[in-house]
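Structural description and commentary
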Amino acid sequence: MTPGERFDRGLRELRLDLPAESRRRLLNYLGLIQKWNQVYNLTAVREPVNMVGQHLLDSLALLPHISAGRILDVGSGAGLPGIPLAVALPEAQVTLLDANHKKAAFLRQALIELELANAEVVCERAETWHPERKFDLVISRALSGLQEFVTAAGGLVAACGCLAAMKGAYPHDELTRTPAGYRLRRVIALKVPYVRAERHLVLVEPA
């Protein structure tokens, strides 16, 4: 099965109907990751056919649970989940935040080659960055601990917005250590095609 065939099948399993142009962009995005991975070590997943589940479908599985608006991807790295969300939600404004200059260079080049006008790259640390406007959704799959994520990025979320942490197994222990000033909104179990491991989305909001 080719990456394209696997991707189309995974989208059907997720019941997502993306335009052909969006599917083309996302497959081209995997090609960019594979190309730059040789020098910048963007991801441990090397083969495009495996990237389909681990990267694209893992990111797109969030779509039924989030809405467009101002989205911030903290510790974006190779652009996950920010770039797939920007492609799938053209009405959203997506900011990719990463303090690593090499990764930020890749992200900027990816936005140019994918012609994504609704996304931008900021090379800063979440703890020290002060944007003019806060975000409706602040998301990350790179930061390991929920407490670390909320502490670092909580100041970037709007009062009526939320923080979303992408997790593997249900994070029982982490949920008991939510920082003061924030409360758990919901934990959503996700089923991602071609990903055997557990996946959860943890939503936290300002109290």
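The coordinates are above.
What follows deals with the overall build of the chain. The secondary structure content of the chain amounts to 7 helices and 7 strands. Tracing the chain from N to C terminus, the helices and strands come up as α-α-α-β-α-β-α-β-β-α-β-α-β-β. For 207 residues, the compact-globule estimate of 2.2 N^0.38 gives 17 Å, and the chain sits close to it at 16 Å. The principal-axis extents of the C-alpha atoms in the chain amount to approximately 45 × 30 × 30 Å. Counting every position in the chain, which comprises 207 residues, the buried fraction comes to 53%. In the chain, of all internal contacts separated by at least 6 residues, the share reaching a separation of at least 24 is 65%. Counting only carbon and sulfur atoms, one obtains 47% of the accessible surface of the chain, whose full area is about 10,100 Å².

For the rest of this paragraph, the subject is the packing of aromatic side chains. Each aromatic ring pair is described using two quantities: the centre-to-centre distance and the angle formed by the ring planes. On inspection of all chains with the given rule, the structure shows 2 aromatic pairs. Ring geometry for W36 versus F106: centroids 5.3 Å apart, planes at 65°, classification edge-to-face. One end of the pair, W36, is in helix α2 (residues 20-40); the other, F106, is in helix α5 (residues 101-114), and 70 residues separate them in sequence. A relative accessible area of 0% places F106 in the buried class. Considering the side-chain rings of W129 and F135, the 6.0 Å spacing of their centres and the 35° angle between planes classify their relative orientation as tilted.

Let us look at the sheet that holds strand β5 (residues 157-167). On the basis of which strands lie adjacent, the open sheet formed by 7 strands has the order β3-β2-β1-β4-β5-β7-β6 and mixed pairing. Looking at which strands have only one partner, the edges of the open sheet turn out to be β3 (119-122) and β6 (182-190). Across the sheet, the mean angle from the axis of one strand to that of its neighbour is 20°, orientation sign disregarded. Direction of pairing for strand β4 (residues 135-140) relative to β5: parallel, over a ladder of 5 bridges. Across the sheet, residue V138 finds its bridge partner in β5, namely L163. Contacts from α5 reach β2 (93-97) and β3, with the element oriented near 165° to β3.

Now for unusual backbone geometry. The linkage connecting L80 with the following residue, P81, adopts the cis geometry, with an omega of 5°. The backbone of R15 sits at a positive phi, close to 60°, despite the residue not being glycine. Position of R15 relative to the elements: it lies in the loop between α1 (3-14) and α2. Its relative accessible area of 79% is what places R15 among the exposed residues. The backbone of E115 shows a phi angle near 55°, a positive value even though the residue is not glycine. Note on placement: E115 falls in the loop between α5 and β3.

Cut-offs and rules
Residues numbered from 1 in each chain as written. Predicted model: local features only at pLDDT ≥ 70, side-chain atom pairs only at ≥ 80, totals over all residues. Heavy atoms only, no water. Helix = DSSP H or I, 4+ residues; strand = E, 2+ residues; numbered from the N terminus. Rg over C-alpha atoms; globule rule 2.2 N^0.38 Å. Buried < 20%, exposed > 50% of the residue type's maximum accessible area, 1.4 Å probe, protein only. Contact = heavy atoms within 4.5 Å. Areas by Shrake-Rupley, 256 points an atom, 1.4 Å probe, with all protein chains shown as cover. Phe/Tyr/Trp six-rings, centres within 6.5 Å; stacked < 30°, edge-to-face > 60°. Pairing = 2+ DSSP bridges. Axes fitted to C-alpha atoms, helices over the stretch in contact; angles between N-to-C directions.

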